[in-house]
Amino acid sequence: MKLKIGQILFLEIEPITEKDKKDVSFYKTRISDIENNYISIETPTNEDGEYKYLYDGDEIFVRFSSEDNIKYAFSSFVIGTKKEIIEQFLIKKPSSQEIIHIDDRNYLRVPAQLEIAVKLFSQVRFLAKTIDISGGGLAFICEEDINIQDSISCWLLIKHKNELQHIPFEGKIIRTKKIDTEKTKVMVYYRNIDEEDRRAIIRYCFDRQFELRKK
């Protein structure tokens, strides 16, 4: 998928401080220029029209749609600003391999610590704990070396109405973030999952949300 000038982008900005975590983290912007190594974007705004200033090094997750409404995403970071008539922000331009197709249906995402068994393409296997989950994907923490675009095979263990269920799926890693020197947060989209298993995850998410609201 090729990016173009004038394209609308939706940004998810990685929070840095505790205050940032309480603020709106999703913003809309537009591509104003494209160079070999960077993309110029207009100042992002939230749904209330409030501007968001970006700083060098800010990590962002970018989503956009093609003309035929196919959803894509890539990870990037801010590398500077450019002042013309209005101030523009420069973000690292992704390679064609770094732009991935995603299923962007609006699934409910809930915090949850579930056991997950992961097998990488390199045949490395390990156990981990999820930190959140939805019908479209999940995130987990691990200490293994994992890269964006890696494909993984997983077994997820969920408990629904006092019954344990093992859910196999194949996923694609779309984002990683170092938490400290040893641990990495990994975001995964389900690439191949049985739809009955997906429905079981969705039911779990709604039950989990209900439990959280009662606390």
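If you're wondering where the values come from, they're calculated on a predicted model, not measured in any experiment.

## Regarding the overall build of the protein
Helix and strand counts for the protein stand at two helices and 14 strands. Whereas a compact globule of 215 residues would reach a radius of gyration of roughly 17 Å, the protein reaches 18 Å, a difference of no more than 12%. Dimensions of the protein, computed from C-alpha atoms along their principal axes, come out at roughly 60 × 40 × 40 Å. Burial status across the protein gives 39% buried among its 215 residues. Nonlocal contacts in the protein, meaning residues at least 24 apart in sequence, comprise 53% of its contacts between residues at least 6 apart. Total accessible area on the protein is roughly 13000 Å²; 49% of this is exposed by carbon and sulfur atoms. Across the protein, 35 positive and 37 negative side-chain charges occur, with their mean positions spaced 3 Å apart.

## Here's the deal with the environment of Arg198
For Arg198, the position within the fold is in helix 2 (residues 195–214). Taking the relative accessible area as the measure of exposure, Arg198 reaches 7% and is therefore buried. As for Arg198 and Gly135, which are separated by 63 residues in sequence, their C-alpha atoms are 5.8 Å apart. Polar contacts involving the side chain of Arg198 include one to the side chain of Glu195, which spans 3.2 Å.

## Section: the side chain of Gln88
Along the chain, Gln88 turns up in strand 6 (residues 87–92). Taking the relative accessible area as the measure of exposure, Gln88 reaches 8% and is therefore buried. Separated by 2.7 Å, the side chains of Gln88 and Ser32 make a polar contact. Setting aside anything within four residues of it in sequence, one finds Gln88 in contact with Ser32, Ser40, Ile41, Gly80, Thr81 and Lys82.

## Here's the deal with the packing of aromatic side chains
Across all of its chains, the model carries six aromatic pairs by this definition. Their ring planes at 85° and their centres at 5.1 Å tell us that Tyr53 and Phe89 sit as a pair that is edge-to-face. Here the residue Tyr53 occupies a position in the loop between strand 3 (38–41) and strand 4 (59–65), and Phe89 occupies one in strand 6, the gap between them amounting to 36 residues. With relative accessibility at 0%, the residue Phe89 sits in the buried group.

## What to know about the pairing of strand 13 (residues 163–178)
Across 10 bridges, the pairing between strand 12 (residues 151–160) and strand 13 is antiparallel. Across the sheet, the residue bridging to Leu156 is Ile167, located in strand 13. Bridge analysis of strand 13 against strand 14 (residues 184–192) gives eight bridges, and the strand direction is antiparallel. Bridging from a neighbouring strand, Ile173 pairs with Val188 of strand 14. Linking two consecutive strands that pair antiparallel, namely strand 13 and strand 14, is a turn of five residues.

## Topic: the pairing of strand 10 (residues 125–133)
Both strand 8 (residues 110–111) and strand 10 contribute to a ladder of two bridges, which runs antiparallel. The residue bridging Pro111 from the neighbouring strand is Asp132, located in strand 10. In the sheet, strand 9 (residues 115–120) pairs with strand 10 via five bridges, with the strands oriented antiparallel. The residue of strand 10 that forms the bridge with Glu115 is Lys129. If you look at the hairpin formed by strand 9 and strand 10, you'll find four residues sitting between the two strands, and Gln123 has a positive phi there, around 75°. For strand 10 and strand 11 (residues 137–142), the ladder comprises four bridges, and the chain directions are antiparallel.

## Comments concerning the environment of Asp150
Mapped onto the fold, Asp150 is located in the loop between strand 11 and strand 12. Among the residues examined, Asp150 registers a relative accessible area of 26% and is labelled partly exposed. Sequence-wise, Asp150 and Arg203 are 53 residues apart; in three dimensions their C-alpha atoms are separated by 28 Å. Beyond its immediate stretch of four places on either side in the chain, Asp150 contacts Gly171, Lys172 and Ile173.

Procedures and definitions
Residues numbered from 1 in each chain as written. Predicted model: local features only at pLDDT ≥ 70, side-chain atom pairs only at ≥ 80, totals over all residues. Heavy atoms only, no water. Helix = DSSP H or I, 4+ residues; strand = E, 2+ residues; numbered from the N terminus. Rg over C-alpha atoms; globule rule 2.2 N^0.38 Å. Buried < 20%, exposed > 50% of the residue type's maximum accessible area, 1.4 Å probe, protein only. Contact = heavy atoms within 4.5 Å. Areas by Shrake-Rupley, 256 points an atom, 1.4 Å probe, with all protein chains shown as cover. Lys, Arg positive; Asp, Glu negative; His and termini not counted. Charge placed at Lys NZ, Arg CZ, Asp CG, Glu CD. Polar contact = N/O pair within 3.5 Å; in protein donor to acceptor, adjacent residues only side chain to side chain. Phe/Tyr/Trp six-rings, centres within 6.5 Å; stacked < 30°, edge-to-face > 60°. Pairing = 2+ DSSP bridges.

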